Amino acid sequence: MIANPAQFEAIANRLGFRIVSETPRKLLLRWQGARFPAFLCLGIALLLLFVSVPIVEALRVRGFVGPAGSLWYFPVMNLILFGISLFLITQCRTIEVDSDSRQMTLRRQSLYRNIVFAASYDEITGVALGIDQVYSGFAIGGSTAAQSFPIPALRITLTSGDNVLLDRGSFRKLADLGKLVSARLRKPLEIDPQLQMQSSA
C-alpha cells in the first residue's frame, strides 16, 4: 500500500466520477474539480483587469503617493482570484483498476500537489456503500452552529482496517459504481442496511 488513505477524504458532499475508459483489462474513472466556481472566479478576475491594469501603471509611475495609492488592493484581489480559479480548475481525481497488475490506483491532483494511493487486490477486502456525516458549507464558514447531514459514500476497505473514500453522491449512482468496481476487484459489495431501506421505501 502506498500513501495515506486519509489524504483522499473530501469536504464536499458529492464528487461524481465519470467513466473515461472501460476495457476488459482496465477501468479508468475521473472527477474534475468544481467548474462553475472556477470559471466564475476567472471571469471576475478578467473583468477586474480593466481596473487593475491602470492602477498598476499609476503605481509604477507615481508610487503610493498618488490617487491610485489607496486602490492598491484591486491588483491584489486580481491575483487572489486568478490563484483560486487555477487551483479549482486543476483539481482532479482518478480511479484506476488494472486487472493485469492486480492493482487499484487513486490519484489526487491540484495546482500544488499530486498524491497517489496504490493498493494491490490482496490488500483490499471489499467495497462498502455506507453513510458519511458531512458538514454543511455554512457550518464550515462559521456562520452557523456546526451541523452535519448524512450522505451516501462509496469506499474500499483494506486489510489494515482503514478505508479509502472513492465517491459521494446519490445512492443509485454509487450502487452502480460500486457494482462496477467490486466486479473488477472481485470483492464483495456491502451496502448499509439503512440505505437499502431508504432505496426500497
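Preceding block: the structure.
Below: a short report on this structure.

Calculation rules
- Residues numbered from 1 in each chain as written.
- Predicted model: local features only at pLDDT ≥ 70, side-chain atom pairs only at ≥ 80, totals over all residues.
- Heavy atoms only, no water.
- Helix = DSSP H or I, 4+ residues; strand = E, 2+ residues; numbered from the N terminus.
- Buried < 20%, exposed > 50% of the residue type's maximum accessible area, 1.4 Å probe, protein only.
- Contact = heavy atoms within 4.5 Å.
- Expected span 1.5 Å × (residues − 1).
- Bend = angle between axes of the 7 residues up to and from the residue.
- Pairing = 2+ DSSP bridges.
- Axes fitted to C-alpha atoms, helices over the stretch in contact; angles between N-to-C directions.

Digging into the environment of Leu 177
- Turning to its location among the elements, Leu 177 is positioned in helix α4 (residues 171-185).
- Owing to a relative accessible area of 11%, Leu 177 belongs among the buried residues under this scheme.
- For Leu 177 and Arg 18, which are 159 residues apart along the polypeptide, the C-alpha to C-alpha distance reads 9.4 Å.
- Excluding anything up to four places from it in sequence, Leu 177 contacts Leu 29, Leu 154 and Asp 167.

Concerning the side chain of Asn 78
- Tracing the chain through its elements places Asn 78 in helix α2 (residues 73-89).
- Accessibility expressed as a relative area gives 4% for Asn 78, which makes it buried.
- When near neighbours in sequence (up to four residues on either side) are disregarded, Asn 78 contacts Ala 45, Leu 48, Leu 49 and Ser 52.

Some points on helix α1 (residues 35-62)
- Given a rise of 1.5 Å per residue, 28 residues ought to cover 40 Å, and the 39 Å separating the end C-alpha atoms of α1 matches this to within 8%.
- At Leu 49, α1 shows its largest bend, some 45 degrees.
- All buried positions along α1 are accounted for by Ala 38, Cys 41, Ala 45, Leu 48, Ser 52, Ile 55 and Leu 59.
- Next to the buried residues of α1 lie α2.
- The first or second residue beyond α1 is Gly 63, which carries a positive phi of 75 degrees.

Some details on α4
- The terminal C-alpha atoms of α4, which comprises 15 residues, lie 20 Å apart, in line with the 21 Å expected from a rise of 1.5 Å per residue.
- Within α4, burial applies to Leu 174, Ala 175, Leu 177, Gly 178, Leu 180, Val 181, Ser 182, Arg 184 and Leu 185.
- Once α4 ends, the next one or two residues include Arg 186, with phi positive near 60 degrees.

Description of the side chain of Ser 52
- Take Ser 52: it is sitting in helix α1.
- By relative accessible area, Ser 52 is classed as buried at 4%.
- Setting aside anything within four residues of it in sequence, one finds Ser 52 in contact with Phe 74, Pro 75 and Asn 78.

Regarding the sheet that holds strand β2 (residues 26-32)
- Ordered by their spatial adjacency, five strands build an open sheet running β1-β2-β3-β4-β5, and the pairing between neighbours is antiparallel. Among the strands making up the open sheet, the edge pair consists of β1 (18-22) and β5 (114-120). Put simply, the sheet's adjacent strands are angled 15 degrees from each other on average, direction ignored.
- In this structure, strand β3 (residues 92-98) lies alongside strand β4 (residues 103-109), joined through seven bridges in antiparallel fashion. When the sheet's bridge partners are listed, Asp 98 is paired in β4 with Gln 103.

Here's the deal with unusual backbone geometry
- Phi at Arg 102 is positive, roughly 50 degrees, even though this residue is not glycine.
- Residue Arg 102 is classed as partly exposed on the basis of its relative accessible area of 40%.
- Notably, Arg 186 is not glycine yet its phi reads approximately 60 degrees, a positive angle.
- When you line up the elements, Arg 186 lands in the loop between α4 and β9 (189-191).
- Judged by relative accessible area, which is 76%, Arg 186 ranks as exposed.

Focus: the sheet that holds strand β8 (residues 163-168)
- With mixed pairing, the four strands of this open sheet are ordered in space as β8-β7-β6-β9. Looking at the sheet topology across the chains shown, the edges are occupied by β8 and β9. Between one strand and the next, the sheet's axes are offset by a mean angle of 35 degrees, whatever the strand orientation.
- With five bridges connecting them, strand β7 (residues 148-158) and β8 associate as antiparallel partners. When the sheet's bridge partners are listed, Thr 157 is paired in β8 with Asn 163.

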